[in-house]
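Below, each chain spelled out in residue letters.
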Amino acid sequence: GNYLETLAAGDYMVLVSYHPLGLEYVQNPGEDGVDSNDAPVDTTVALKVEKAIVTITNISNQDKIYDTDVVKAPTYTYQGDADITVEYKSKDADDSTYTKEAPKDAGNYTVRISAPETDNYMCAFATNDFTIQQAESKVLEPPVAESIEEGQKLSTSTLSGGKMVDNAGNTV
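Okay, so let's go over this structure. Worth saying up front: this structure is predicted, and the values here are computed from it rather than measured.

As for the packing of aromatic side chains
Thought 1: This model, assessed by the stated rule, comprises 2 aromatic pairs.
Thought 2: Ring geometry for Tyr-109 and Phe-130: centres 5.6 Å apart, planes at 25 degrees, overall stacked. A residue pair is termed long-range when its members are at least 10 positions apart, and Tyr-109 in strand 7 (residues 107–115) and Phe-130 in strand 8 (residues 124–133) qualify at 21 residues.
Thought 3: For Phe-130, a relative accessible area of 2% puts it in the buried group.
Thought 4: Clustering of aromatic rings is evident, with ring pairs tying together Tyr-88, Tyr-109 and Phe-130.
Thought 5: Between the NZ or CZ atom of Arg-112 and the centre of the ring of Tyr-98, over which it lies, the distance is 3.8 Å.

Details of the sheet that holds strand 8
Thought 1: If you trace the 4 strands from one edge of the open sheet to the other, you get 4-8-7-6, paired in mixed fashion. Strands with a single pairing partner mark the edges of an open sheet, and in this sheet they are strand 4 (64–65) and strand 6 (85–90).
Thought 2: Summarising the sheet, strand 6 and strand 7 pair through 6 bridges and their orientation is antiparallel. Within the sheet, the bridge partner assigned to Glu-87 lies in strand 7 and is Arg-112.

A closer look at the pattern of salt bridges
Thought 1: Per the counting criterion, the structure on display carries 6 salt bridges.
Thought 2: The salt bridge partner of Asp-129 is Lys-91, with a shortest N-O separation of 3.9 Å. Here Asp-129 is found in strand 8, whereas its partner Lys-91 is found in the loop between strand 6 and strand 7, with 38 residues between them in sequence.
Thought 3: On the accessibility criterion, Asp-129 (40% relative accessible area) is partly exposed.

Description of the side chain of Ser-157
Thought 1: Here Ser-157 shows up in the loop between strand 10 (144–145) and strand 11 (159–160).
Thought 2: Within the structure, the side chain of Ser-157 is placed 2.6 Å from the backbone oxygen of Glu-146, a separation counted as a polar contact.
Thought 3: Discounting residues that sit within four places of it in the chain, Ser-157 has contacts with Ala-145, Glu-146 and Ile-148.

Criteria and cut-off values
- Residues numbered from 1 in each chain as written.
- Predicted model: local features only at pLDDT ≥ 70, side-chain atom pairs only at ≥ 80, totals over all residues.
- Heavy atoms only, no water.
- Phe/Tyr/Trp six-rings, centres within 6.5 Å; stacked < 30°, edge-to-face > 60°.
- Helix = DSSP H or I, 4+ residues; strand = E, 2+ residues; numbered from the N terminus.
- Buried < 20%, exposed > 50% of the residue type's maximum accessible area, 1.4 Å probe, protein only.
- Lys NZ or Arg CZ within 6 Å of the ring centre and 35° of its normal.
- Pairing = 2+ DSSP bridges.
- Salt bridge = Lys/Arg side-chain N within 4 Å of Asp/Glu carboxyl O.
- Polar contact = N/O pair within 3.5 Å; in protein donor to acceptor, adjacent residues only side chain to side chain.
- Contact = heavy atoms within 4.5 Å.

Take a look at the structure:
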């Protein structure tokens with residue numbers, strides 16, 4: 001690893017020393033007392049390390065059919081060092097309505113994944129739209145009503161049996 005790659009964002013002063021031919025400097029005064037060897041030179045260089053630009057990508061698809069459960073948290077790719085926030089809103093709602101509560105009802109939504117600025121990384125966010133489809137039920141076996149006699153209220157009859165499935169294949 002390179003030392004410079006470990007520096008945090010900020011301003012630095014770097015001292016660079018030049019040694020001719022890579023040799024240690026040794027004074028060599030001549031008869032006149034003047035050093036005949038080339039002395040090493042030091043140069044100071046200003047170095048500015050900028051905060052890295054990061055992105056949030058590869059947000060997983062959260063589309064599903066209504067099943068009474070909240071939508072699962074998305075997966076995504078992020079290379080920074082911040083704590084990520086995942087928020088949701090109805091697709092056409094104002095951005096001020098984002099909430100951390102994951103939706104479960106049928107509808108169109110937007111998920112926003114955001115990372116705040118840190119000492120070394122700029123802030124980042126990404127959004128992705130998804131849909132929770134309405135569940136559709138199909139009757140496989142209709143229920144059977146208990147018989148009633150003329151004059152009785154319909155509410156005195158009891159329904160029993162019957163079988164329905166939703167479009168996800170769940171028995172309801």
